[in-house]
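# Fold and geometry: a report
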Amino acid sequence: TLCFFDGWAYSLADLGRAMSSVTGFDLTTTDIMRCGERLWALKRCINTLLGATAADDRLPRRFLTPHTDGPTAGEAPDLAAMLKDFYAFCDLDERGCPSATRLQSLGLDDVARIVHPTPE
């Protein structure tokens with residue numbers, strides 16, 4: 001576990017060395033990044049299985065309320081466009097779940113079969 005408040009102080013190389021020391025495995029920066037990707041994908045799949053949908057990907061109202069002054073006065077983020085780009089970047093389906101291809105690329109074939117069952 002890494003504290004959220006001091007995580008900024010560590011590089012990925014630092015985390016790799018720490019994890020290698022604790023686990024006994026020789027973990028590279030790439031290994032740490034892949035582990036993070038797998039964890040994030042698993043979380044999205046679990047949320048999907050528990051009933052979360054794309055409609056749950058939203059921001060608080062105050063983030064979407066246009067500012068009244070300053071250089072961005074009258075403007076608000078286009079959440080629909082941002083989500084479209086985010087889903088494409090993360091290879092998420094229309095439900096917000098990682099695609100079967102993405103899950104398989106992460107070695108999560110068994111999870112892919114559960115969240116993307118093939119019709120019989």
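The structure reproduced in this document is the subject of the present report. (Residues numbered from 1 in each chain as written. Predicted model: local features only at pLDDT ≥ 70, side-chain atom pairs only at ≥ 80, totals over all residues. Heavy atoms only, no water.)

## Concerning the overall build of the protein
If you tally the helices and strands in the protein, you get six helices and zero strands. Shown N-terminal to C-terminal, the secondary structure of the protein runs as helices and strands in the order α-α-α-α-α-α. Its C-alpha atoms put the protein at 55 × 50 × 20 Å along the principal axes. A total of 120 residues make up the protein; the buried ones form 19% of that total. Look at the contacts in the protein between residues 6 or more apart in sequence, and 40% of them connect residues 24 or more apart. Charge-centre separation for the protein: the mean point of 12 positive side chains lies 3 Å from the mean point of 17 negative side chains. (Helix = DSSP H or I, 4+ residues; strand = E, 2+ residues; numbered from the N terminus. Buried < 20%, exposed > 50% of the residue type's maximum accessible area, 1.4 Å probe, protein only. Contact = heavy atoms within 4.5 Å. Lys, Arg positive; Asp, Glu negative; His and termini not counted. Charge placed at Lys NZ, Arg CZ, Asp CG, Glu CD.)

## Quick look at helix α2 (residues 29–49)
Its 21 residues place the ends of α2 30 Å apart at the C-alpha level, agreeing with the 30 Å of an ideal helix rising 1.5 Å per residue. The set of residues buried in α2 consists of I32, A41, R44, C45 and T48. Looking one or two residues beyond α2, the residue adopting positive phi is G51, at roughly 105°. (Expected span 1.5 Å × (residues − 1).)

## Quick look at the nonpolar core
A41, C45, C97, L103, L106, L108, V111, A112 and V115 form the largest nonpolar core, which has nine residues in total. When contributions to this core are tallied by element, the ones reaching two or more residues are α2 and α6 (109–115). Sorting elements by how many residues they give to this core places α6 first, with three residues. In this view, C97 contacts C45, T48, D91, L92, V115 and H116; residues no more than four positions away in its chain are not counted. (Core = buried A, V, L, I, M, F, W, Y, C linked by side-chain atoms within 4.5 Å.)

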